[in-house]
Amino acid sequence: MSIDEPGQQANPVASSGSDNREEDQTKEGRQKSAARVTAEWVAVLAGALVLALVLRSVLFQAYYIRFTSMEPTLSNGDRVLVNKLGYDLSDVNRGDLVVFERPRGVSGRQEDDLIKRVIALPGEVIKFVEGDVYINSRRLHEPYLESSGITTGNIPSGCAAIVDGGCLVGSGEVFVMGDNRANSTDSRSFGPISEHLIVGHAFLRLWPVPEFGRL
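Treat the numbers as computed from the prediction; the structure is a model and nothing was measured.

In globular proteins that are soluble, nonpolar side chains generally tend to be buried together. Formed by 14 residues in total, the largest nonpolar core has its most connected members in Ile119, Ile126, Val133, Ile135, Phe175 and Met177. Among the elements of the structure, strand E4 (114-120), strand E5 (125-129), strand E6 (132-135) and strand E10 (173-177) are those that each provide at least two residues to this core. Beyond its immediate chain neighbours, meaning those up to four positions away, Ile135 contacts Arg94, Ile119, Ala120, Glu124, Val125, Ile126 and Leu140. The next biggest cluster of nonpolar side chains, apart from the first, holds 12 residues, and it includes Leu114, Leu121, Phe190 and Ile193.

So this is what it looks like as structure tokens:
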């Protein structure tokens, strides 16, 4: 037991060994905290990467346009965003720009997908009269073309039937064509395509920046 004398203040005596231990513990705590923060950021970045890969493979994918068959709508060098899930939830519509797997027998690398516009739907009869497209005997208005009366073509193989001189599009198939009708290999040569070949709907132009927007 110790007694402080009146007027005097007790001065605690610190142990240098105790100070060193506290300093080591503080330093160790900082190191653990930094390691934990680093591990959390690594986990966040890994999760973001996995999410991006999932979105790319399941929902959306960017495509680079390498040809001129869709001019004037799309030009060589444009980049578009494709919704790969849309047609699981809704039907293909006339006028849609679709990316699809290259049909077998079509020249080019098999791994290169194609992009064209949907012109005729299942059960419809498409034919070409004096350079215009007719669907079920009614002329199709095509404002996306530079001029009318430029579409030519013969009845391709692969039609479900020939009806009144036109091609009957079979069930589960669509007839696709490029907007550059004079320079496009499309259903006029390889016939209607199965909807199962469709990868997705091209709905947004990403590049060039001045032309960014919906398609």
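Read on for the rest.
Right, let's get into the packing of aromatic side chains. Evaluated as defined, the whole model comprises 3 aromatic pairs. Ring centres of Phe60 and Phe203 lie 6.0 Å apart, and the angle between their planes is 50 degrees; on these two criteria the pair is classed as tilted. One end of the pair, Phe60, is in strand E1 (residues 60-64); the other, Phe203, is in strand E12 (residues 198-207), with 143 residues separating them in the sequence. Under the relative-accessibility criterion, Phe60 is labelled partly exposed at 34%. Judged by its relative accessible area of 15%, Phe203 is buried. In this structure, Arg117 packs its charged tip against the face of Tyr144, placed 3.8 Å from the ring centre.

Scored by pLDDT, the protein chain has a mean of 86; 81% of the residues are at 70 or more. Across residues 1-10 the pLDDT falls below 50, and counting only partners more than four positions away or on other chains, this stretch makes 1 contact in the model.

Another point: the side chain of Asp78. Within the secondary structure, Asp78 is located in the loop between E1 and strand E2 (79-83). Assessed through its relative accessible area of 6%, Asp78 is described here as buried. A polar atom in the side chain of Asp78 sits 2.9 Å from the side chain of Arg205. Residue contacts for Asp78: discarding those within four places in its chain leaves Tyr63, Tyr64, Ile65, Arg205, Trp207 and Pro208.

Cut-offs applied
Residues numbered from 1 in each chain as written. Predicted model: local features only at pLDDT ≥ 70, side-chain atom pairs only at ≥ 80, totals over all residues. Heavy atoms only, no water. Core = buried A, V, L, I, M, F, W, Y, C linked by side-chain atoms within 4.5 Å. Buried < 20%, exposed > 50% of the residue type's maximum accessible area, 1.4 Å probe, protein only. Helix = DSSP H or I, 4+ residues; strand = E, 2+ residues; numbered from the N terminus. Contact = heavy atoms within 4.5 Å. Phe/Tyr/Trp six-rings, centres within 6.5 Å; stacked < 30°, edge-to-face > 60°. Lys NZ or Arg CZ within 6 Å of the ring centre and 35° of its normal. pLDDT = per-residue confidence, 0-100. Polar contact = N/O pair within 3.5 Å; in protein donor to acceptor, adjacent residues only side chain to side chain.

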